[in-house]
Amino acid sequence: MLTLFRIALRNIGRNRRRTSILVVTVAIGLLGTTLSMSLLWGIEQQMIETATATDLGHLQIHATGYNADPKISRLLSDGGKEIDGLLDGEPSVQAYSHRIRSEGLVTSPKASVGLRILGVDAEREPEVSSIKNWIVEGDYLSGKRRESIVGRRLANRLGVQIGDKVIISAQDTQGNMTAESIRITGIFRSVSSDIDSGYLFINLDQSAHIFGTHEAISEIVVVMNERQSALPLQAKLSMNRPHLEVLRWDQLRPFIAFMMDTTQSVAASFYLVIFVAMAFGIANVMMMSIFDRVREIGVMLALGMSRTRLLLLIITEGVLVTIIGTAIGLALSLGIVGALSEGVDFSFYSAGFNDFGVGSRIVPLLKPEDFILPIAISMLTAFMASLWPALRAVQLQPAEATRHE
Amino acid sequence: MSILRTVAVQKTYSTRGIETQALNGVDLTIEAGEFTALAGPSGSGKTTLLNLLGALDVPTSGKVLLDEEDLASLTSAELSERRLHKLGFVFQAYNLIPVLNAAENVEFVLELQGIKPHERRQRASQLLERVGLAEMAKKRPPEMSGGQQQRVAVARAIASEPQVILADEPTANLDSTTARNLLDLMQQLNQEEGTTFLFSSHDPLVLEKAKRRILLRDGLIEGEEQGPYKT
């Protein structure tokens with residue numbers, strides 16, 4: 001086996017130009033795939049983080065039927081006490097908070113805008129969302145009456161500044177129209193144009209007052225220590241509680257789940273294109289290499305080398321070249337992703353990204369599977385691509401091959 | 001008992017519908033310890049017969065027996081096995097593996113036989129010494145002369161301790177001094193170690209050394225002679 005390996009290794013060093021072309025092809029293929037994927041993962045990750053850190057959390061608990069028909073009257077009438085007790089004793093839960101969620105109309109002297117009104121627990125909300133960190137002007141909610149914070153885009157549309165008053169008009173739990181005057185006390189800027197232009201945050205008490213919910217709340221939003229642990233907690237909370245609707249972030253925002261699936265499909269397509277091209281490259285180079293060595297192969301067969309061993313030799317050569325190319329490609333990829341740890345500035349394209357809840361600076365992200373999968377597929381590709389030339393080689397007749405010019 | 005035997009062997013090549021009769025019913029027996037040459041002009045069927053005897057090709061009809069075993073009854077893997085253990089080859093164009101040095105070329109056959117690395121190295125070293133190339137062990141084929149390469153080829157051929165060595169025009173690419181030295185070496189191996197040699201050649205130097213000469217013409221054995229070669 002040692003000599004076999006030695007022959008394979010030396011054979012790939014015989015035609016250095018040809019081997020270099022193949023190594024570079026494999027390396028560029030791997031580099032292109034992993035870099036593209038790292039950017040896609042980065043975008044996906046940011047999209048999930050933005051969504052979960054804004055208003056989604058990892059899990060939301062509502063009264064049954066809320067998501068199909070999110071009326072203000074569908075409330076957790078006990079004010080969330082039943083679930084709070086369970087969440088307090090759950091180690092996988094990082095934080096949770098109560099909200100009253102409704103839709104309404106905000107009117108300023110300049111404009112009226114329909115939007116989502118989120119009544120939040122000013123103290124606990126920063127533990128489940130990034131809203132406090134996004135404040136760019138004025139202050140975050142302090143718990144006082146008539147405070148509100150809005151996104152920069154909404155403020156511009158309404159033509160309001162810090163300290164200006166606006167009127168909230170909405171339907172209360174009894175179906176009556178209600179209106180309340182509040183003051184803009186903070187303006188935030190997130191990476192999502194949807195949130196910046198369509199959300200108004202007020203204190204939970206204020207919200208209860210406007211909508212007449214009393215002690216009841218619309219939702220409990222939960223943030224987990226690990227995103228993945230939302231699934232078991234969902235199952236636990238849902239069990240024997242038909243009056244509750246417990247939904248995960250990806251169920252609440254199916255678009256993100258769709259984007260994740262799309263990313264997986266894009267990854268698969270990338271891999272397919274790159275590896276098909278790689279397979280042709282390997283097969284072609286190996287074929288040329290065999291054609292150059294017909295006599296030598298004939299001699300090996302004449303000396304008693306079994307056809308299985310010959311097959312193995314040629315496949316080893318193809319796989320060895322691919323290993324070198326893969327190692328170089330992945331090393332370059334790691335280096336480049338490491339160098340871009342501060343992120344890549346896509347500000348020239350950020351308007352488009354913001355519509356999807358993604359900022360203009362994307363940090364490329366490489367997952368372990370971004371290495372494992374390409375390595376595995378490369379090796380499989382090398383094996384399959386070398387198999388064809390190898391099968392041609394073992395069909396050579398030693399008597400003819402030893403006389404080949 | 002014969003080592004190699006052919007019975008009414010015929011071989012026809014077919015190229016683009018044109019059939020060429022290379023061998024036309026050859027009966028031949030090679031016994032252990034022979035130093036025999038297949039002689040004859042180009043196209044007489046020497047190489048074809050050697051290829052059939054070496055299990056490198058199959059006859060169109062007739063039988064080739066190695067150790068009284070009909071080669072036609074063997075699978076491809078079994079034929080490889082017989083070539084590896086019972087036959088040694090020396091080719092006209094040396095045909096060493098270019099990426100391996102002299103010692104590794106000799107070791108190659110030993111490794112195919114499954115001999116352990118330490119023993120392989122030791123035997124390769126002894127064999128190179130036997131053919132007078134101990135100092136060339138680390139040299140690769142392009143760094144050696146034709147004569148040296150052919151000596152390595154002889155060392156490789158005897159490495160597997162075969163029953164017979166088949167040498168196809170072994171001196172064709174060598175000058176007469178180098179050819180003579182190579183033949184002396186082969187003769188020495190034949191006389192001292194009893195190694196059986198079967199050559200195909202029309203080189204008078206080979207025919208002079210051969211104890212038995214089989215003359216082929218037009219795919220048939222025209223005659224044979226033993227003893228001193230008369231030009």
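Rules used in this analysis
- Residues numbered from 1 in each chain as written.
- Chains lettered and ligands numbered in written order.
- Predicted model: local features only at pLDDT ≥ 70, side-chain atom pairs only at ≥ 80, totals over all residues.
- Heavy atoms only, no water.
- Contact = heavy atoms within 4.5 Å.
- Buried area = accessible area lost by both parts, 1.4 Å probe.
- Salt bridge = Lys/Arg side-chain N within 4 Å of Asp/Glu carboxyl O.
- Polar contact = N/O pair within 3.5 Å; in protein donor to acceptor, adjacent residues only side chain to side chain.
- Helix = DSSP H or I, 4+ residues; strand = E, 2+ residues; numbered from the N terminus.
- Nonpolar A, V, L, I, M, F, W, Y, C, P; charged D, E, K, R; others polar.
- Pairing = 2+ DSSP bridges.
- Axes fitted to C-alpha atoms, helices over the stretch in contact; angles between N-to-C directions.
- Buried < 20%, exposed > 50% of the residue type's maximum accessible area, 1.4 Å probe, protein only.
- Domains from an automatic or database assignment.

Enquirer: Got a minute to help me understand the interface of chain A and chain B in this structure?
Expert: It is common to give the size of an interface as the accessible area lost on bringing the parts into contact. Counting residues at the interface gives 25 residues for chain A, matched by 25 residues for chain B. Of all residues in chain A, the largest losses of buried area upon contact with chain B belong to Thr 3, Arg 10 and Leu 303 of chain A, amounting jointly to 28% of the total for that side. Our enumeration of links across chain A and chain B arrives at 2 salt bridges. For the salt bridge of Arg 6 of chain A with Glu 104 of chain B, the shortest nitrogen-to-oxygen distance reads 2.9 Å. At the junction of chain A with chain B, the criterion picks out 7 residue pairs in polar contact (both at pLDDT 80 or more). Counting residues per element, the ones that place at least two in the side of chain A that touches chain B are helix H1 (2–12), helix H11 (294–302), helix H12 (307–339) and helix H15 (398–401) of chain A. Here the element with the most residues in the side of chain A that touches chain B is H1 of chain A; it accounts for 7 residues. Residues that form the side of chain A that touches chain B fall into these classes: 12 nonpolar, 5 polar and 8 charged.

Enquirer: I tried to follow the sheet that holds strand E9 (residues 212–217) of chain B on my own but got confused; where do I start?
Expert: The strands making up a sheet are joined through hydrogen bonds of the backbone, oriented either antiparallel or parallel. Residues and elements named next belong to chain B. Taken in spatial order, the 6 strands line up as E6-E7-E8-E3-E9-E10 in an open sheet, and their pairing is mixed. The open sheet has two free edges, formed respectively by strand E6 (87–90) and strand E10 (220–226), since each of these has just one partner strand. Adjacent strand axes in the sheet meet at a mean angle of 20° when their direction is disregarded. One ladder, built from 4 bridges, connects strand E3 (residues 35–39) with E9; its direction is parallel. If you follow Thr 36 over to E9, its bridge partner there is Arg 212. Contacting E6 and strand E7 (164–168), helix H2 (residues 76–86) runs over the sheet at an angle of about 75° to E6. In the packing of helix H6 (residues 176–193) onto the sheet, contacts are made with E3, E6, E7 and strand E8 (196–200), and the angle to E8 comes to roughly 145°.

Enquirer: What should I look at first to understand the pattern of salt bridges in this one?
Expert: Two side chains of opposite charge can pair, provided their charged atoms sit close to one another. Residue and element names in this part refer to chain B. Here the structure, examined in full by the defined rule, presents 31 salt bridges over all chains. In this structure, the salt-bridge partner of Arg 120 is Glu 107, at a minimum N-O distance of 3.4 Å. One end of the pair, Arg 120, is in helix H4 (residues 117–130); the other, Glu 107, is in helix H3 (residues 102–112), and 13 residues separate them in sequence. Each member of the pair, Arg 120 together with Glu 107, is buried. Where Arg 123 meets Glu 161, a salt bridge forms, and the shortest distance between an N and an O atom there is 3.7 Å. Of this pair, Arg 123 sits in helix H4 while Glu 161 sits in the loop between helix H5 (146–159) and E7; the two residues are 38 residues apart in sequence, bridging distant segments of the chain.

Enquirer: Just to check I follow, could you spell out the domain arrangement of chain A for this structure?
Expert: Splitting chain A by domain gives domain 1 (2–51 + 256–401) and domain 2 (65–242). For domain 1 of chain A versus domain 2 of chain A, the separation of C-alpha centres amounts to 49 Å.

Enquirer: Where do I start with the sheet that holds strand E4 (residues 61–66) of chain B in this structure?
Expert: Across the sheet, which stays open at both edges, the 4 strands sit in the order E2-E1-E4-E5 (chain B) with antiparallel pairing between neighbours. Of all the strands in the sheet, just strand E2 (18–31) and strand E5 (69–70) of chain B have a single pairing partner and so form its edges.

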